[in-house]
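Spelled out, the chains give:
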Amino acid sequence: MRDGFVIKEGIACAPAIVFVNTPVRVEKTKITAPEVSSEIALYLEAREKTRVYLENEMAKTSSKDAREFMETSVMFLMDPYVEKKITDLIKSDLLSAESAIHHCYNSFVQELLDNHDPFIMHNEYEIRNLAEHIIITLKRKRPPIPVITGDCIFVANNLTPAQLLTVDNSHIKGVILEDGNTNSHMAIVLRSLNIPTIFNVENASHIIKNGMNVLMDAYANKIYLNPLEELIWSVKKHARERIDSGNSNIVTPLIAQYKTTRSGERIEVLANIGSLSEIQDLKKFPSSGIGLFRTEFLFMNHTQDPTEDEQFECYRKIVESLPDLFTITFRTFDFSADKLPLYLSKPVHYNCTTGTDEDNAILNDILTTQLRALMRASVFGHQMRIMFPMAAEYEDFVHLLDLYQETRESLIREGIKPGHIKIGVMIETPAAAIMSESLASLVDFFSIGTNDLTHYTETCSREFATKHNNELSPAVVRLIALASENAHKAGIPVSICGEIVHEQKYLPLLYALGIRSFSVAPFYLSSMLYAIHTLDVRIPRDFRERIRNIRTRQDVIDLSANILKSPLPVKNP
Ligand code: PEP
Ligand code: MG
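Below, the structure is looked at part by part. (Residues numbered from 1 in each chain as written. Chains lettered and ligands numbered in written order. Predicted model: local features only at pLDDT ≥ 70, side-chain atom pairs only at ≥ 80, totals over all residues. Heavy atoms only, no water.)

**Considering the overall build of the chain**
Formally: Only DSSP runs of H or I covering at least 4 residues are called helices, and only runs of E covering at least 2 are called strands; the numbering of each starts at the N terminus. Exposed residues in this analysis have more than 50% of their type's maximum accessible area, buried residues have under 20%, and partly exposed residues fall in between, with area computed by a 1.4 Å probe over protein chains only. Here a residue-residue contact requires only that any non-hydrogen atoms of the pair lie within 4.5 Å. Using a 1.4 Å probe, the Shrake-Rupley method yields the accessible areas, and only the shown protein chains count as cover for residues.
Helix and strand counts for the chain come out as 22 helices and 17 strands. Taking all 573 residues of the chain together, the buried fraction comes to 54%. Sequence-distant contacts, at least 24 apart, represent 69% of the contacts inside the chain between residues at least 6 apart. Total accessible area on the chain is roughly 24900 Å²; 52% of this is exposed by carbon and sulfur atoms.

**Structural notes on the pattern of salt bridges**
Heads up, the rule is: Every case where a carboxyl oxygen of Asp or Glu lies within 4 Å of a side-chain nitrogen of Lys or Arg is listed as a salt bridge.
In total, this model carries 20 salt bridges according to the counting rule given. In this structure, D309 engages R376 in a salt bridge whose closest nitrogen and oxygen atoms are separated by 3.0 Å. Here D309, found in helix 11 (residues 308–321), pairs with R376, found in helix 12 (residues 357–378); they are 67 residues apart in sequence, far enough to count as distant. Sharing partners across several salt bridges, the network here consists of E308, D309, R372, R376 and E414.

**Focus on the packing of aromatic side chains**
Aromatic ring pairs are reported here in terms of the distance separating the ring centres and the angle at which the planes meet. Rule in force here: Pairing of aromatic rings covers Phe, Tyr and the six-membered ring of Trp, with a centre-to-centre limit of 6.5 Å; geometry is then stacked below 30 degrees between planes, edge-to-face above 60, and tilted otherwise.
Counted according to the given criterion, the structure contains eight aromatic pairs. On the basis of an interplanar angle of 85° and a centroid distance of 6.4 Å, the ring pair of F299 and Y315 is categorised as edge-to-face. One end of the pair, F299, is in the loop between strand 10 (289–294) and helix 11; the other, Y315, is in helix 11, with 16 residues separating them in the sequence. Here Y315 falls in the buried class, since its relative accessible area comes to 0%.

**Notes on the sheet that holds strand 3 (residues 152–156)**
To keep it simple, the criterion reads: In this analysis, strands are considered paired if DSSP registers two or more bridges between them. Under this scheme, a helix contributes an axis fitted over its contacting stretch, all axes are lines through C-alpha atoms, and angles between N-to-C directions fall in the 0 to 180 degree range.
Ordered by their spatial adjacency, seven strands build an open sheet running 1-5-4-3-2-6-7, and the pairing between neighbours is mixed. In this open sheet, the two strands that pair with only one neighbour each are strand 1 (5–8) and strand 7 (222–225). Pairs of neighbouring strands in the sheet enclose a mean axial angle of 30°, with direction left out of account. Taken together, the five bridges between strand 3 and strand 4 (residues 172–177) define a ladder with parallel strand orientation. Looking at strand 4, one finds that C152 is bridged to I172.

**Considerations on the coordination of the magnesium ion (ligand 2)**
Convention followed: Note on donors: an N, O or S atom is included if it sits within 2.8 Å of the metal, or within 3.2 Å for Na, K and Ca, and water is never included, so sites can look incomplete.
Protein coordination at the magnesium ion (ligand 2) comes from E428 (OE) and D452 (OD), with a distance range of 2.0 to 2.1 Å. With a gap of 24 residues between them, E428 in the loop between strand 13 (422–427) and helix 14 (430–434) and D452 in helix 16 (residues 450–457) connect regions that are remote in the sequence.

**Considerations on unusual backbone geometry**
Residue L94 is not a glycine yet carries a positive backbone phi of 50°. Given a relative accessible area of 25%, L94 falls into the partly exposed group. Phi is positive for M390, close to 60°, though the residue is something other than glycine. In this structure, M390 sits in the loop between strand 12 (384–388) and helix 13 (394–413).

**Considering the pairing of strand 12**
On a regular strand, each side chain points to the face opposite its neighbour's, so the side chains alternate between the two faces of the sheet. To be explicit about the condition: A clockwise path from the first strand over the helix to the second, with the strands pointing away from the viewer, defines a right-handed crossover.
In terms of burial, strand 12 is largely enclosed, as five of its five residues are buried. The alternating pattern of strand 12 places M384, I386 and F388 and R385 and M387 on opposite faces, both of which are buried. Where strand 11 (residues 327–331) lies against strand 12, four bridges are found, and the strand directions are parallel. By the bridge assignment, T329 is partnered in strand 12 with R385. Of the pairings in the sheet, the one linking strand 12 to strand 13 comprises four bridges and is parallel in character. Residue pairing in the sheet places R385 in a bridge with K422 of strand 13. Assessed by its sense of winding, the connection that carries the chain from strand 12 through helix 13 to strand 13 is right-handed.

**A look at the environment of K84**
Along the polypeptide, K84 turns up in helix 3 (residues 80–93). Sequence separation of K84 and C104 is 20 residues, and the distance between their C-alpha atoms is 9.7 Å.

**Describing the side chain of R331**
Here is the rule we go by: Counting of polar contacts relies on pairs of N or O atoms within 3.5 Å, with two restrictions inside protein: one atom must be capable of donating a hydrogen and the other of accepting it, and residues adjacent in sequence are counted only when both atoms are side-chain atoms.
In this structure, R331 sits in strand 11. For R331, the side chain forms a polar contact with the side chain of E296, separated by 2.5 Å. When near neighbours in sequence (up to four residues on either side) are disregarded, R331 contacts L292, F293, R294, T295, E296, K339, Q370, M387, P389 and M426.

**Description of the nonpolar core**
For clarity, the cut-off: What we call a nonpolar core is a set of buried Ala, Val, Leu, Ile, Met, Phe, Trp, Tyr and Cys residues that are connected through their side-chain atoms within 4.5 Å.
Counting residues in hydrophobic clusters, the biggest one holds 95 residues, and the most contacted among them are Y315, F446, I480 and F518. If you tally residues by element for this core, the top one is helix 12, at eight residues. Y315 has contacts with T295, L298, F299, F330, F333, Q370, A373, L374 and A377, leaving out every residue within four places of it along the chain. Core analysis: the second largest hydrophobic core is formed by 51 residues, V36, F69, L95 and L190 among them.

**Digging into a nonpolar patch on the surface**
Our working definition: In this scheme, patches are assembled from residues that exceed 30% relative accessible area and form no salt bridge. Like charges are connected within 9 Å, while nonpolar side chains (Val, Leu, Ile, Met, Phe, Trp, Tyr) are connected within 5 Å.
A grouping of Y394, I434, M435 and L482 is seen on the molecular surface, where their side chains present a nonpolar patch of about 330 Å² in accessible area. Secondary-structure assignment places M435 in the loop between helix 14 and helix 15 (436–440). Note on M435: relative accessible area 32%, which makes it partly exposed.

**Section: helix 13**
Filter applied, for reference: For a helix, the expected span equals 1.5 Å multiplied by the number of residues minus one.
The end-to-end C-alpha distance of helix 13, which contains 20 residues, comes to 29 Å, matching closely the 28 Å that a straight helix rising 1.5 Å per residue would cover. Along helix 13, the positions that sit buried rather than exposed are D396, F397, L400, L401, L403, Y404, T407, R408, S410 and L411. Those residues of helix 13 hidden inside the fold are in contact with helix 12, strand 12, strand 13, helix 14 and helix 15. G415 sits one or two positions beyond helix 13 and adopts a positive phi of about 95°.

**Some remarks on the environment of T61**
For T61, the location among the structural elements is in the loop between helix 1 (36–60) and helix 2 (64–77). On the basis of relative accessibility, which here comes to 14%, the residue T61 falls in the buried class. C-alpha separation for the pair T61 and L165, spaced 104 residues apart in sequence, amounts to 8.1 Å.

**Here's the deal with the packing of helix 11 against helix 12**
Formally: We call two directions roughly parallel when the angle between them is under 35 degrees, roughly antiparallel when it is over 145, roughly perpendicular when it lies between 65 and 115, and oblique otherwise. For any helix crossing, the convention is left-handed if the near helix is rotated counterclockwise from the far helix by under a right angle, and right-handed if that rotation is clockwise. Any residue that is not Ala, Val, Leu, Ile, Met, Phe, Trp, Tyr, Cys, Pro, Asp, Glu, Lys or Arg is counted as polar, Gly included; the first ten are nonpolar and the last four charged.
Direction vectors running N to C along helix 11 and helix 12 enclose 40°, while the axes themselves pass 8 Å from each other. Of the possible angle classes, the one that applies to helix 11 and helix 12 is oblique. With respect to the hand of their crossing, helix 11 and helix 12 are arranged in right-handed fashion. Here E308, D309, Q311, F312, Y315, R316 and V319 of helix 11 come into contact with helix 12, specifically with T369, Q370, R372, A373, L374, R376 and A377. A breakdown of the residues in the contact of helix 11 with helix 12 according to their chemical character gives six nonpolar, three polar and five charged.

So, in structure tokens, the structure goes:
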């Protein structure tokens with residue numbers, strides 16, 4: 001049998017369960033005018049059932065990746081743009097619900113692929129699966145997935161994450177598929193379930209018969225049918241040696257534009273933006289979105305506070321000018337001494353716990369207006385994130401999040417329902433990094449700002465820190481490690497957006513510290529992506545101890561270099 005490619009390493013030996021997943025056929029295409037309303041009702045009913053099904057599965061699964069897959073699916077499922085497209089196709093083109101769904105999802109995916117939408121590039125397979133899932137629900141018949149009662153190797157021509165998650169997968173010791181790709185959520189889910197998996201094995205569902213004993217060596221990328229005891233013993237022995245020699249700790253990111261590591265984690269490369277003109281340029285660069293929008297620069301030349309409507313128009317323009325699925329992370333105004341607009345006479349501090357009543361009233365006022373404008377703009381895009389800078393104490397963050405919640409509720413009372421917004425905080429004060437364990441339970445994400453983190457940790461001026469921003473200090477590394485660890489423990493994403501990020505000598509170290517999202521100035525996007533493509537890191541088992549042992553800036557650089565398996569490219573494209 002031709003070898004496929006390994007998705008998750010491991011050894012498994014068990015009888016095969018073979019499943020042939022027949023693709024859904026869209027049969028009924030045209031309807032008559034009187035059938036329009038019943039076809040729309042049919043679509044909405046199937047969509048609702050699919051949503052309930054996905055949300056139930058989401059609640060049941062303990063896998064973060066599986067949850068992410070289902071969240072993405074629900075997001076696409078409930079997308080108002082998709083709903084409008086489908087109902088329009090039923091009404092105007094008199095298409096049946098199933099063919100309208102089929103057409104809509106196909107053209108939607110194509111439209112986004114044509115725009116080189118990074119998110120869609122990563123999620124194309126899942127969106128197509130989703131369309132299939134709704135059509136199957138609508139037809140009220142599903143391919144009979146085999147009932148699994150004992151240990152098995154699951155063999156199929158293809159399989160969707162939703163199908164895998166509906167069977168009792170605790171008995172699945174290995175998976176062999178005829179299709180699949182390394183970046184798919186199917187691959188991610190299988191890795192997170194820790195099931196040895198080989199994809200792309202030609203004709204597997206024909207060659208392997210139900211009940212046949214199958215030995216998978218998903219280290220050596222080999223499949224043996226009806227193996228003798230001796231062979232099983234020898235394959236297992238070699239696998240044991242591999243694990244003992246520590247090779248299983250090697251992390252080799254795969255080559256793909258929006259990267260996925262071997263462990264299934266996606267690496268995001270995002271842009272730091274400060275003006276509308278940079279947004280236009282952004283379309284030329286490979287990026288998954290904006291990791292830091294420094295909103296304070298938008299209104300620098302204004303002589304009066306920008307009104308809510310003025311801000312709303314500006315944010316809406318930004319949201320609308322980028323692909324719907326781009327992540328856009330707006331940071332609320334950060335008016336420090338070096339970034340004061342004409343209409344302000346002094347910095348606005350986020351540390352409300354220690355601020356005067358007067359300062360706090362100014363902060364609340366400015367933030368409420370900005371948050372209202374951002375939330376109103378969020379209706380025009382699906383991936384808005386808002387983050388607060390510069391806070392230090394836990395109570396500062398609680399206050400900011402309360403303010404966010406109150407603003408949201410008052411908008412809802414006025415009849416405006418904000419879009420789906422993720423709310424996060426910047427970890428850019430030592431206090432925030434130290435308190436990151438408690439903070440992680442309050443928010444959806446962290447973004448580490450090494451510029452200010454360095455400046456406050458090293459008690460040097462911001463200018464000095466900026467001049468030396470090509471060096472990470474040991475203390476700052478420890479704070480990044482702490483914040484990243486706490487984000488991982490809480491299951492929230494953590495990105496990094498200080499200037500240090502484009503210094504590629506630190507990339508292996510930041511990667512090993514668990515950072516999977518890097519936000520850099522647009523100028524550095526291409527070189528970052530290139531460096532990530534070629535990143536080949538071995539995380540030593542005693543990595544944490546080595547972090548604790550770093551004493552000097554040179555130790556930091558050495559550690560980062562030592563965990564590289566092969567050197568990063570000297571010259572970037
Ligand atoms: C930082 O402090 O690292 C950061 C990204 O914010 P800014 O440079 O805008 O202060
Ligand atoms: Mg900062």
